[in-house]
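# Examining the three-dimensional arrangement
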Amino acid sequence: MFAPTGWPQEHLADPYPVYRRYREQDSVQRGEGGTWYVFGYDEAYEVLTSPAFGRGPGGPVSDRSPALRRLVQNWLVFMDPPRHTELRDLLQATFSPKVVRALRPCVTAIAAELLAPLQEKPLIDLVRDFAAPFPLLVISELLGVPSERRDWFRERAVWLQGASTSRAGRTGRTGADLAERAARELAAYFSEQARLRARAPREDLLSLLVAAARKGTALSEDEIVGTCVHLLTAGHETTTHLLTKGTLALLRRPGVLRRLRSDPALLPTAVEELVRFDSPVQMVSRWARQDQLLGGKRIRAGEKVVPVLGAANRDPARFPAPDLLRLDRPPARHTGFGLGIHYCLGASLARAEAEIGLAALFAAFPGMTLPSEPPVFDDDLIFHGPTRFPLVTTIS
Ligand code: HEM
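Criteria and thresholds
Residues numbered from 1 in each chain as written. Predicted model: local features only at pLDDT ≥ 70, side-chain atom pairs only at ≥ 80, totals over all residues. Heavy atoms only, no water. Helix = DSSP H or I, 4+ residues; strand = E, 2+ residues; numbered from the N terminus. Rg over C-alpha atoms; globule rule 2.2 N^0.38 Å. Buried < 20%, exposed > 50% of the residue type's maximum accessible area, 1.4 Å probe, protein only. Contact = heavy atoms within 4.5 Å. Areas by Shrake-Rupley, 256 points an atom, 1.4 Å probe, with all protein chains shown as cover. Lys, Arg positive; Asp, Glu negative; His and termini not counted. Charge placed at Lys NZ, Arg CZ, Asp CG, Glu CD. Pairing = 2+ DSSP bridges. Axes fitted to C-alpha atoms, helices over the stretch in contact; angles between N-to-C directions. Donors = N, O, S within 2.8 Å, 3.2 Å for Na, K, Ca; no water. Arc of directions from axis to C-beta. Near = heavy atom within 4 Å. Polar contact = N/O pair within 3.5 Å; in protein donor to acceptor, adjacent residues only side chain to side chain. Nonpolar A, V, L, I, M, F, W, Y, C, P; charged D, E, K, R; others polar. Salt bridge = Lys/Arg side-chain N within 4 Å of Asp/Glu carboxyl O. Core = buried A, V, L, I, M, F, W, Y, C linked by side-chain atoms within 4.5 Å. Parallel < 35°, antiparallel > 145°, perpendicular 65-115°, else oblique. Left-handed = near helix turned anticlockwise from the far one by under 90°.

## Side note on the overall build of the protein
What the protein contains, in helices and strands, is 17 helices and 11 strands. Against the 2.2 N^0.38 benchmark of 21 Å for 396 residues, the protein shows a C-alpha radius of gyration of 21 Å, consistent with a compact globule. Dimensions along the principal axes, computed over C-alpha positions, put the protein at roughly 60 × 55 × 45 Å. Going through the 396 residues of the protein one by one, you find that 52% of them count as buried. A separation of at least 24 residues holds for 68% of the contacts in the protein among residues at least 6 apart in sequence. Accessible surface for the protein amounts to roughly 18200 Å². Of this, 54% is attributable to carbon and sulfur atoms. Taken together, the 50 basic and 45 acidic charged side chains of the protein have centroids lying 1 Å from each other.

Right under this line is the structure:
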């Protein structure tokens, strides 16, 4: 029976043979806790795009974390229409391609700034030294978090990531305690900043959100604050994983990497293929709104259904030779950024960050190689990627 927890490192690093086994048995099957897991592309497409599946009852956060709960209740990704449609339209207009285009030079400068001090180091940790701070600094810039606040902001982003950890750390606090503290402090920070922006707007997304609220678009202060923290969490770890797993896939395929280096115009296609090939988000959740059939299985109203995006993206019925990383793969909508009404709001920013970040990394370290010690993968199969990634930057 499929369970998304308790996997050995070997399967965490390469979950695709496991998915294949399940998909070949049945593309929709009941797993741990009665949840339905969806391994086939067509069935995942149906769940993601059909109004017969929606968000669940309540939020994903316990009552013991009131500050986190209040934030998460205002996250677009956990809303259903009609509020989802209203807020999404507003955010889409605010977080526009123009805003992303204007951010590109700054994204390039952040990548260069992070890579410069690494030039002298023969061995780096790709996660710690580049792939984690890079998207966090970009989001700080987008939201207008000043440079002296960025270490503080980063620490709280890390605490939020650990929200589901119940084990107490050295300080005696559990991941949930720290996440609750991060939620409280971030909410207080963004509320205050929103009030300041109302009096004196700046060139940042927070000012645009405040301006939208003042135009009578009925965006509450809780929604502004929740959205800022949502962008921080949605756009941070995901992009980190795309950079690390993308680098890993390319270093393991020197021929593909050589081709990419010799023709950088291929970067946008490569990034799209990397999101399909080893998706940073491997699973999302929905709940059935009514009794219905899915892949021949009877799903009852109220049951939880989990499209396994990583499995759908390797379905040979949709992507021929799915285990090959191909720069010339014809476009065929993968599910790596989701599909339907919850399609990733930050996809164009994520693509820009990955193109700029990977190009900067390859230019900084033309001779980089993988050491014998492989990357260590986190035991999370939702946001999926390594927590440690040793990388040899020079040929000695
Ligand atoms: C939604 C993936 C980067 C903001 C989603 C969803 C996926 C996804 C799969 C759909 C969730 C669902 O259907 O339940 C990714 C990946 C990224 C990335 C793979 C990087 C490689 C970003 C960035 C931002 C962002 C940079 C913003 C700064 C959002 C938001 C939603 C979302 C706000 C919710 C959209 C809605 O519910 O309408 N993302 N994401 N993401 N993403 Fe991303």
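## Some remarks on the sheet that holds strand 2 (residues 36-38)
Read from one edge of the open sheet, 5 strands run 1-2-8-5-3, paired in mixed fashion. Where the open sheet ends on each side, the last strands, each with one partner, are strand 1 (28-30) and strand 3 (53-54). The sheet strands contacting helix 3 (residues 41-49) are strand 1, strand 2, strand 3, strand 5 (286-288) and strand 8 (304-307), and the helix crosses strand 8 at an angle near 125 degrees.

## Brief notes about the coordination of the iron atom of the ligand
No protein donor other than Cys344 (SG) coordinates the iron atom of the ligand, and that contact is at 2.3 Å. Looking at where cysteine 344 falls in the secondary structure, it is placed in the loop between helix 16 (309-312) and helix 17 (347-364).

## A few points about the pairing of strand 8
Strand direction decides the pairing type here: strand 2 and strand 8, joined by 3 bridges, are parallel. Residue pairing across strands places tyrosine 37 opposite valine 306, the latter belonging to strand 8. Pairing geometry for strand 5 and strand 8, over 2 bridges, is antiparallel. Across the sheet, the residue bridging to tryptophan 287 is lysine 304, located in strand 8.

## Concerning helix 3
Turning to helix 3, its buried residues number three or more, namely Tyr41, Glu43, Ala44, Val47 and Leu48. Projection of helix 3 onto a plane perpendicular to its axis shows the buried side chains occupying an angular sector of 165 degrees, all on one side.

## Here's the deal with the site of the ligand
Every one of the 29 residues lining the ligand counts as a neighbour, but Arg55, Arg88, Arg286, His342 and Cys344 are closest to it. In the model, an oxygen atom of the ligand is placed 3.4 Å from a nitrogen or oxygen of the valine 77 main chain. One nitrogen or oxygen atom from the side chain of histidine 342 is found 2.6 Å from an oxygen atom belonging to the ligand. Of all elements in the fold, only helix 5 (83-94), helix 12 (221-234), helix 13 (237-251) and helix 17 reach the threshold of two or more residues within the shell around the ligand. Looking at the shell around the ligand, its residues break down into 16 nonpolar, 9 polar and 4 charged.

## Concerning the pattern of salt bridges
Opposite charge on two side chains allows them to pair when their charged atoms are near. Overall, the coordinates contain 23 salt bridges when judged by the stated rule. Among the salt bridges present, the one from arginine 388 reaches glutamate 373, with a minimum N-O distance of 3.1 Å. Here the residue arginine 388 occupies a position in strand 10 (residues 386-388), and glutamate 373 occupies one in the loop between helix 17 and strand 9 (376-377), the gap between them amounting to 15 residues. The class for glutamate 373 is partly exposed, based on a relative accessible area of 40%. When salt bridges that share partners are traced, they join Glu155, Arg156, Arg181 and Glu185 into one network.

## A closer look at the nonpolar core
In terms of nonpolar packing, the biggest core is built from 105 residues, with Tyr19, Phe134, Leu143 and Phe190 touching the most fellow members. The element best represented in this core is helix 17, accounting for 10 residues. Sequence-distant contacts of phenylalanine 134, that is, excluding residues within four places in its chain, are made with Val107, Ile110, Ala111, Leu114, Leu243, Glu353 and Gly357. The next biggest cluster of nonpolar side chains, apart from the first, holds 18 residues, and it includes Val28, Trp36, Ala312 and Phe319.

## Observations concerning the environment of alanine 249
Looking at where alanine 249 falls in the secondary structure, it is placed in helix 13. Judged by relative accessible area, which is 5%, alanine 249 ranks as buried. A sequence separation of 25 residues divides alanine 249 from leucine 274, and the C-alpha atoms of the two residues are 7.9 Å apart. Apart from the residues within four sequence positions on either side, alanine 249 is in contact with Leu274, Phe277 and Leu325.

## Some thoughts on the side chain of glutamate 237
If you trace the backbone, glutamate 237 turns up in helix 13. It is lysine 245 that comes nearest to the buried, bridge-free glutamate 237 among opposite-charge side chains, at 10 Å. Leave out the neighbours within four places in its chain, and glutamate 237 touches Gln161 and Phe383.

## Looking at the side chain of threonine 244
Summarising the element assignment, threonine 244 is placed in helix 13. A relative accessible area of 0% places threonine 244 in the buried class. Excluding residues within four positions of it along the chain, threonine 244 makes contact with Leu126, Val127, Ala131, Pro386 and Phe389.

## Quick word on the packing of helix 15 (residues 267-277) against helix 17
Following both chains from N to C, one finds helix 15 and helix 17 inclined at 110 degrees, their axes separated by 10 Å at the closest point. Relative to helix 17, the element helix 15 is oriented roughly perpendicular. Pair helix 15 / helix 17 crosses with right-handed handedness. For the pair helix 15 and helix 17, the contacting residues are Leu267, Pro268, Val271, Glu272 and Leu274 in the first and Arg351, Ala354, Glu355, Leu358 and Ala359 in the second. Here the residues of the contact of helix 15 with helix 17 sort into 7 nonpolar, no polar and 3 charged.

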